[in-house]
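A structural walkthrough
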Amino acid sequence: MLVSAKEMLEKAKAGHYAVGQFNINNLEWTKSILLTAQELKSPVILGVSEGAGKYMTGFKTVAAMVKAMDEELGITVPVALHLDHGTYEGCYKCIKAGFTSIMFDGSHYPIEENVAKTTELVNIAHAMGMSIEAEVGAIGGEEDGVVGTGECADPAECKMIADLGVDMLAAGIGNIHGKYPANWAGLSFDTLDAIQQKTGDMPLVLHGGTGIPADMIKKAISLGVAKINVNTECQLSFQEATRKYIEAGKDLEGKGFDPRKLLAPGAEAIKATVKEKMELFGSVGKAE
Ligand code: 13P
């Protein structure tokens, strides 16, 4: 069931768990994530970066595929189709394409410009029944060409953006996209605590979910995080399983070259990663 992310995140915040956003790249990714969410009776958010949208030939293709797949697979749990780190132009494209949720990442603009653009997009998204995420304080690392330094957001600026009526707020707390370096200082819980105190019931979003230790994830949820984004970890699981298949020479046996066989171990590995994260985030059974 394709829905805006608003209600599922409000419930998550009130119930002290988090909904996972898993980024998609193709049909296999989407199918694995949807089937796992349905099996575990968990709400889920499918994240689409601008790069992944382009790879899949455009946001219209993505929206059509996700809507059709959701229906054909008989998915009954709430699913939000969400633009990840959207530009101003990308947000408009996804609004037109039929996404149910967008993220406008204005964190690299001066705060006044972030406020102005976010305000405009909040009005449009809400008029269309869509949810919207905004960002303050860039997330570190690189994701599909979006590079950030990993700063900690200013809680006062977070309040300014939260007050614009966004449905979820991504705030930098030392989190980084991709693998964490060995010398990573960890999440800044003091920053997160200060942000939650200023923003109250606002569901907070933790980007860079790959590789964050379980105890830090749990603490972040206890301090108001209600959405956690995972991208790289599914890519790594897919890669590892596919490598094993090839290295074992399975593609050379019988019809092992058939893409439906070749991609199957990777697709199963994505399911296992999504399951592990949903269990850790506490969203299992919340869509019953
Ligand atoms: P990771 O790739 O580090 O899991 O980050 C995902 C993310 O934050 C998507 O916006």
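Data block above holds the structure.
Read on for an overview of the structure. Since the structure is predicted, the reported quantities are computational estimates derived from the model, not experimental observations. (Residues numbered from 1 in each chain as written. Predicted model: local features only at pLDDT ≥ 70, side-chain atom pairs only at ≥ 80, totals over all residues. Heavy atoms only, no water.)

Section: the site of the ligand
Taken together, 15 residues are adjacent to the ligand, and Asp84, Gly178, Gly208, Thr210 and Thr232 come closest. Gly178 has a polar backbone atom sitting 2.8 Å from an oxygen atom of the ligand. In isolation the ligand exposes 310 Å². Once the protein is present, 99% of that is buried. Its residues placed into classes, the shell around the ligand shows two nonpolar, 11 polar and two charged. (Near = heavy atom within 4 Å. Polar contact = N/O pair within 3.5 Å; in protein donor to acceptor, adjacent residues only side chain to side chain. Areas by Shrake-Rupley, 256 points an atom, 1.4 Å probe, with all protein chains shown as cover. Nonpolar A, V, L, I, M, F, W, Y, C, P; charged D, E, K, R; others polar.)

Concerning helix H2 (residues 27-40)
Relative to the 20 Å expected for 14 residues at 1.5 Å per residue, H2 spans 20 Å between its end C-alpha atoms, a close match to the ideal helical length. Of the positions making up H2, those classed as buried are Trp29, Thr30, Ser32, Ile33, Leu34, Thr36, Ala37, Gln38 and Leu40. Packing partners of the buried residues in H2 comprise strand E1 (19-23), strand E2 (44-49), helix H4 (59-72), strand E3 (79-84), helix H10 (232-247) and helix H12 (264-281). Where H2 starts, the residue carrying a side-chain oxygen 3.1 Å from the main-chain nitrogen of Glu28 turns out to be Asn26. The first or second residue beyond H2 is Lys41, which carries a positive phi of 50 degrees. (Helix = DSSP H or I, 4+ residues; strand = E, 2+ residues; numbered from the N terminus. Expected span 1.5 Å × (residues − 1). Buried < 20%, exposed > 50% of the residue type's maximum accessible area, 1.4 Å probe, protein only. Contact = heavy atoms within 4.5 Å.)

Focus on the side chain of Asp258
With respect to the element layout, Asp258 can be found in the loop between H10 and helix H11 (259-262). Taking the relative accessible area as the measure of exposure, Asp258 reaches 13% and is therefore buried. Polar contacts involving the side chain of Asp258 include one to the main-chain amide nitrogen of Arg260, which spans 2.8 Å.

Points about the pairing of E1
For E1, a buried count of five out of five residues is recorded, marking the element as mostly surrounded by other parts of the structure. Residues of E1 alternate between two faces, with Val19, Gln21 and Asn23 on one and Gly20 and Phe22 on the opposite face, all of them buried. One ladder, built from four bridges, connects E1 with strand E10 (residues 225-230); its direction is parallel. Considered in E10, the bridge of Val19 is made with Lys227. As paired elements, E1 and E2 share three bridges and run parallel to each other. The residue of E2 that forms the bridge with Phe22 is Leu46. (Pairing = 2+ DSSP bridges.)

Some thoughts on the packing of aromatic side chains
Counting across every chain of the model gives five aromatic pairs. Ring centres of Phe104 and Tyr109 lie 6.2 Å apart, and the angle between their planes is 25 degrees; this geometry places the pair in the stacked category. The class for Phe104 is buried, based on a relative accessible area of 0%. Ring geometry for Tyr180 versus Trp184: centroids 3.9 Å apart, planes at 40 degrees, classification tilted. Accessibility assignment for this pair places Tyr180 and Trp184 in one class, buried. When the ring centre of Tyr88 is taken as origin, the NZ or CZ atom of Lys117, which lies over that ring, is 5.5 Å away. Across the ring face of Tyr109, the terminal group of Lys117 is positioned such that the distance to the ring centre comes to 4.7 Å. (Phe/Tyr/Trp six-rings, centres within 6.5 Å; stacked < 30°, edge-to-face > 60°. Lys NZ or Arg CZ within 6 Å of the ring centre and 35° of its normal.)

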